[in-house]
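One letter stands for each residue in the lines below.
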Amino acid sequence: MKKTRIAIVTGASSGMGREIVRLLAKREEVDQILLIARREDRLRDVAAEVMCHVKTEILPLDLADPSAVSAVAAVLSKEKKRVTWLVNAAGFGHIGCFDELTLKEQTDMLDVNCRALTAMTYTVLPFMRKGAHVVNLASAAAFLPQPRFAVYAASKSYVLSFSRAIGRELRGRGISVTAVCPGPVETEFFDIAERTGEVKLYKKLMMANCEKVSRGIVRASAKGKAVYVPTLTMKTMRVGAKLPHGLLIRFFG
Ligand SMILES: NC(=O)c1ccc[n+]([C@@H]2O[C@H](COP(=O)([O-])OP(=O)(O)OC[C@H]3O[C@@H](n4cnc5c(N)ncnc54)[C@H](OP(=O)(O)O)[C@@H]3O)[C@@H](O)[C@H]2O)c1
């Protein structure tokens with residue numbers, strides 16, 4: 001019996017994750033999409049929107065809970081499935097000085113942005129074969145320490161470093177790993193970030209379009225790019241971030 005080719009997308013209820021679901025739904029190598037996030041009503045809406053192209057399954061999970069990823073393992077071992085895409089888009093950031101935020105706010109960021117992404121990749125890899133793609137949403141924040149966004153930026157440095165390293169390990173197996181490093185993108189991300197502090201004006205002025213960035217992400221990953229930085233401004237930032245960080249954080253901190 002032919003295995004079902006499945007794409008798994010976390011953060012599928014909103015922003016880039018939701019947009020990537022819409023794009024993957026039309027791809028030939030995807031028979032089914034597993035949509036993961038906390039808001040079940042949103043997941044149902046996205047699933048309903050793409051069901052004319054692809055089968056869907058929704059899995060409402062709080063990825064801050066360390067046991068959540070075991071539910072994904074259960075879905076994968078239920079029937080014969082081969083994972084062609086894993087998109088780790090779930091993530092969030094809280095703005096504010098390190099000791100002004102609660103300890104839970106800080107550690108939840110690490111749990112979702114780093115631990116869940118790592119556990120998801122580990123759990124899904126045995127179901128991937130040659131030609132499969134892992135997409136990990138890092139951020140341009142990965143390039144430089146950010147005062148008042150310290151844990152978020154550090155969590156994204158982890159995602160970039162982790163993705164590049166395992167990308168190299170998996171190259172021989174024909175599995176691509178793409179770390180995506182966008183600057184500010186117009187999604188619900190900043191509504192959440194601004195609950196604890198104000199977004200800097202320069203970030204508001206350089207908001208990129210979510211659909212355009214998401215199209216670029218899928219294209220870059222399909223080509224097997226190790227790192228994808230969507231806009232020219234952020235590409236320039238990446239090069240600029242090679243200057244001494246002590247100097248740069250005085251301007252951008
Ligand atoms: N927008 C930007 O400017 C920007 C820039 C660089 C990188 N990024 C990164 O890109 C990724 C996608 O962000 P976005 O801009 O698309 O933001 P978004 O619209 O706020 O989407 C974030 C997604 O993550 C999910 N999520 C958050 N906490 C979760 C939890 N505890 N358990 C399960 N799912 C959770 C949300 O779903 P529920 O709320 O339904 O759980 C939502 O689907 C994130 O990793 C973000 O850090 C964003």
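Residues numbered from 1 in each chain as written. Predicted model: local features only at pLDDT ≥ 70, side-chain atom pairs only at ≥ 80, totals over all residues. Heavy atoms only, no water.

### Some details on the pairing of strand β6 (residues 176-180)
The buried fraction of β6 amounts to 5 of the 5 residues, a majority that puts the element mostly inside the structure. Both faces of β6 are covered, namely the face carrying S176, T178 and V180 and the face carrying V177 and A179. Sheet topology note: the strand β5 (residues 128-137)/β6 ladder contains 5 bridges and is parallel. Note on β6: the bridge partner recorded for N136 is A179. Of the crossover connections in this fold, the one passing from β5 over helix α5 (residues 150-170) to the parallel β6 is right-handed. (Buried < 20%, exposed > 50% of the residue type's maximum accessible area, 1.4 Å probe, protein only. Helix = DSSP H or I, 4+ residues; strand = E, 2+ residues; numbered from the N terminus. Pairing = 2+ DSSP bridges. Right-handed = clockwise from strand over helix to strand, strands pointing away.)

### Structural notes on the site of the ligand
The ligand sits among 32 residues. The nearest are S14, R38, Y152, V185 and T187. One nitrogen or oxygen atom from the main chain of A89 is found 3.1 Å from an oxygen atom belonging to the ligand. Contact distances for the ligand include 2.7 Å between an oxygen atom and a side-chain N or O atom of Y152. Where the shell around the ligand is concerned, the elements lending two or more residues are α1 (15-24), α5 and α6 (189-193). Counting residues per element, the shell around the ligand draws most heavily on α6, which supplies 3 residues. For the shell around the ligand, the per-class residue count stands at 19 nonpolar, 8 polar and 5 charged. (Near = heavy atom within 4 Å. Polar contact = N/O pair within 3.5 Å; in protein donor to acceptor, adjacent residues only side chain to side chain. Nonpolar A, V, L, I, M, F, W, Y, C, P; charged D, E, K, R; others polar.)

### Quick notes on the sheet that holds strand β1 (residues 4-10)
Pairing is parallel across the open sheet formed by 7 strands, whose spatial order is β3-β2-β1-β4-β5-β6-β7. Each edge of the open sheet is held by one strand with a lone partner, namely β3 (55-60) and β7 (227-228). Packed on one face of the sheet, helix α2 (residues 40-50) meets β2 (32-37) and β3 and runs near 175 degrees to β3. (Contact = heavy atoms within 4.5 Å. Axes fitted to C-alpha atoms, helices over the stretch in contact; angles between N-to-C directions.)

### Brief notes about unusual backbone geometry
Despite not being glycine, R148 has its phi angle at roughly 70 degrees, a positive value. Examined against the element boundaries, R148 turns out to sit in the loop between β5 and α5.

Functional significance is not addressed by these values, which are geometric in nature.
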